[in-house]
Protein chains: 2
Amino acid sequence: MKHLKWVVPFALGIAVCWGGERRLEGAKSSPSKQTLVDLEAEFMKATAEKGSQGYMSYYADDAVEVPNGGPLIVGKAEIAKGMGFLDNKDNRLEWTPVGADISASADLGYTYGNYEFHSRDKDGNPHIEYGKYTSIWKLQKDGSWKVALDMGNASPAPKR
Amino acid sequence: MKHLKWVVPFALGIAVCWGGERRLEGAKSSPSKQTLVDLEAEFMKATAEKGSQGYMSYYADDAVEVPNGGPLIVGKAEIAKGMGFLDNKDNRLEWTPVGADISASADLGYTYGNYEFHSRDKDGNPHIEYGKYTSIWKLQKDGSWKVALDMGNASPAPKR
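Residues numbered from 1 in each chain as written. Chains lettered and ligands numbered in written order. Predicted model: local features only at pLDDT ≥ 70, side-chain atom pairs only at ≥ 80, totals over all residues. Heavy atoms only, no water.

*Asks:* Summarise the overall build of chain A; cite the residues concerned and give the values.
*Replies:* Counting its regular elements, chain A contains three helices and six strands. Starting at the N terminus, the α and β elements of chain A follow one another as α-α-β-β-α-β-β-β-β. For chain A, the proportion of its 160 residues judged to be buried stands at 41%. Long-range contacts, defined as pairs at least 24 residues apart, comprise 50% of the intrachain contacts of chain A with a sequence gap of at least 6. (Helix = DSSP H or I, 4+ residues; strand = E, 2+ residues; numbered from the N terminus. Buried < 20%, exposed > 50% of the residue type's maximum accessible area, 1.4 Å probe, protein only. Contact = heavy atoms within 4.5 Å.)

*Asks:* Report on helix 2 (residues 33–56) of chain A, specifying residues and quantitative values.
*Replies:* Residues and elements named next belong to chain A. The terminal C-alpha atoms of helix 2 lie 22 Å apart, and with 24 residues this falls more than 12% below the ideal 34 Å at 1.5 Å per residue. Maximum bend of helix 2: about 150°, positioned at Lys-50. Buried residues of helix 2: Leu-36, Leu-39, Glu-40, Phe-43, Ala-46, Thr-47, Gly-51, Ser-52, Gly-54, Tyr-55 and Met-56, and no others. Residues of helix 2 that are buried sit in contact with strand 1 (59–66), helix 3 (76–80), strand 3 (92–102), strand 4 (108–120), strand 5 (126–139) and strand 6 (145–154). (Expected span 1.5 Å × (residues − 1). Bend = angle between axes of the 7 residues up to and from the residue.)

*Asks:* Account for the sheet that holds strand 6 of chain A, naming residues and giving values.
*Replies:* Adjacent strands of a sheet form backbone hydrogen bonds with each other and so pair up, either parallel or antiparallel. All names here are of chain A. Ordered in space as 2-1-6-5-4-3, the six strands form an open sheet in which the pairing is mixed. Only two strands of the sheet have a single partner each, and these edge strands are strand 2 (73–74) and strand 3. Sheet topology note: the strand 1/strand 6 ladder contains four bridges and is parallel. Residue pairing for strand 6: Val-66 is matched across the bridge by Met-151. (Pairing = 2+ DSSP bridges.)

*Asks:* Kindly report on the confidence of the model for chain A, identifying the contributing residues and their values.
*Replies:* Looking at chain A as a whole, the pLDDT averages 90, with 82% of positions reaching at least 70. Predicted confidence is poor over residues 25–29 of chain A, with pLDDT under 50, and the contacts of this stretch with residues over four places away or in other chains come to six contacts. (pLDDT = per-residue confidence, 0-100.)

*Asks:* Describe the pattern of salt bridges, and please don't skip the residues or the numbers.
*Replies:* All chains considered together, the criterion is met by eleven salt bridges over all chains. Its salt-bridge partner being A:Arg92, residue A:Glu94 comes within 2.7 Å of it at the nearest N-O pair. Between B:Glu49 and B:Lys45 there is a salt bridge; the shortest N-O distance is 3.3 Å. Placement of both B:Glu49 and B:Lys45 in helix 2 (residues 33–56) is noted, with a separation of four residues, approximately one turn of the helix. Here B:Glu49 matches B:Lys45 in class, with each residue exposed. (Salt bridge = Lys/Arg side-chain N within 4 Å of Asp/Glu carboxyl O.)

*Asks:* Report on the sheet that holds strand 6 (residues 145–154) of chain B, specifying residues and quantitative values.
*Replies:* All names here are of chain B. Taken together, six strands build an open sheet; the order of strands is 2-1-6-5-4-3 and the sheet is mixed. Edge strands, defined here as strands with exactly one partner in the open sheet, are strand 2 (73–74) and strand 3 (92–102). Sheet topology places strand 1 (residues 59–66) next to strand 2; two bridges connect them, and they run antiparallel. What sits directly across from Glu-65, in strand 2, is Ile-73. Taken strand by strand, helix 2 contacts strand 1, strand 3, strand 4 (108–120), strand 5 (126–139) and strand 6, and its axis lies near 155° from that of strand 3. (Axes fitted to C-alpha atoms, helices over the stretch in contact; angles between N-to-C directions.)

*Asks:* Help me get a handle on the packing of aromatic side chains, residues and values and all.
*Replies:* Taken as a whole, this structure holds 18 aromatic pairs over all chains when the rule is applied. Measuring from centroid to centroid gives 6.4 Å for B:Phe43 and B:Tyr59, while their planes differ by 65°, and the two rings are edge-to-face. Of the two residues, B:Phe43 is situated in helix 2 and B:Tyr59 in strand 1; the sequence distance between them amounts to 16 residues. Each member of the pair B:Phe43 and B:Tyr59 is classed as buried. Both rings, one in B:Phe43 and one in B:Trp95, keep their centres 4.9 Å apart while their planes meet at 70°; by these two values the pair is edge-to-face. In this pair, B:Phe43 sits in helix 2 while B:Trp95 sits in strand 3, placing the two residues 52 residues apart along the sequence. Look at B:Phe43 and you get buried, because its relative accessible area is 2%. We classify B:Trp95 as buried; its relative accessible area is 9%. By way of ring pairs, the aromatic residues A:Phe43, A:Tyr55, A:Tyr58, A:Tyr59, A:Trp95 and A:Trp137 are connected into one cluster. (Phe/Tyr/Trp six-rings, centres within 6.5 Å; stacked < 30°, edge-to-face > 60°.)

*Asks:* Summarise the pairing of strand 3 of chain A; cite the residues concerned and give the values.
*Replies:* Residue and element names in this part refer to chain A. In this structure, strand 3 lies alongside strand 4, joined through ten bridges in antiparallel fashion. For Thr-96, the partnering residue across the bridge sits in strand 4 and is Asn-114. Taken together, strand 3 and the strand that follows it, strand 4, pair antiparallel across an intervening segment of five residues, in which Ala-106 is found at a positive phi of about 50°.

*Asks:* I'd love a proper account of the environment of B:Tyr55, names of residues and values included.
*Replies:* Residue and element names in this part refer to chain B. Assignment of secondary structure puts Tyr-55 in helix 2. Owing to a relative accessible area of 5%, Tyr-55 belongs among the buried residues under this scheme. Put simply, Tyr-55 and Met-44 are eleven residues apart on the chain and 7.4 Å apart in space, counted from C-alpha to C-alpha.

Laid out in structure tokens, this is it:
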């Protein structure tokens with residue numbers, strides 16, 4: 001049996017390593033769909049409080065905007081140029097996630113849902129534009145989550 | 001030194017386990033962005049050849065459609081009800097991916113790009129509608145990739 005003396009420490013080595021890998025995996029995959037839904041609430045709060053600056057602070061540097069009626073816009077700096085309307089106090093962008101998913105590696109996910117854009121028409125009357133959105137979220141090197149792609153389109157006005 | 005006899009087999013155990021994990025990781029993450037771009041080409045070919053049936057064969061059972069101008073549509077069966085227009089030989093849907101990304105775990109990814117919908121107006125004249133899309137792809141339990149979410153919106157007609 002002398003030649004089997006290596007079996008116990010060998011098995012122990014396997015066990016220690018395997019346990020470590022599982023813990024690592026657990027730590028890596030701790031963000032969930034709910035993480036992204038919670039992020040959306042923070043994102044909306046930052047937009048309400050700080051306008052375009054708050055909104056853009058959730059975008060990745062290499063983000064892509066897919067706007068309805070316009071061409072693709074590539075890069076946070078380019079996207080920011082069109083977001084000044086969020087600094088007008090008459091305007092309010094609100095959105096509600098309907099669903100979300102995240103990868104097993106918890107580094108890529110998405111949310112989708114409905115939005116309402118509250119503004120005033122040329123006569124100063126309140127106006128609401130209804131739409132839908134998809135936001136793709138990507139874990140950044142600094143550990144933060146940022147929007148990698150955002151797309152919007154139109155919805156019919158809800159029946160009241 | 002007798003008590004150090006366990007060191008070599010223990011270290012060997014760690015090494016064998018670690019190597020195995022890395023190989024497993026390599027195998028799991030072999031699909032790439034390009035996998036999704038290639039899939040899009042197959043998806044479009046299936047649509048051209050088999051109409052709505054070919055198109056829908058790339059959708060997950062629990063897919064979500066985010067159509068421009070309409071409400072969210074949930075589930076492959078519901079989405080299929082609106083895709084009959086792809087069986088009209090006068091209609092042709094073509095799309096070109098511009099970008100793609102995939103999670104580290106290679107189970108979730110997306111593509112986005114431009115589409116053209118070729119049809120005929122009421123007078124029988126050729127008509128082209130221009131738009132953009134985002135498709136989120138999810139690895140299924142059977143190992144196939146399916147569309148988990150698809151969204152479209154409008155683009156201006158290109159300047160010729």
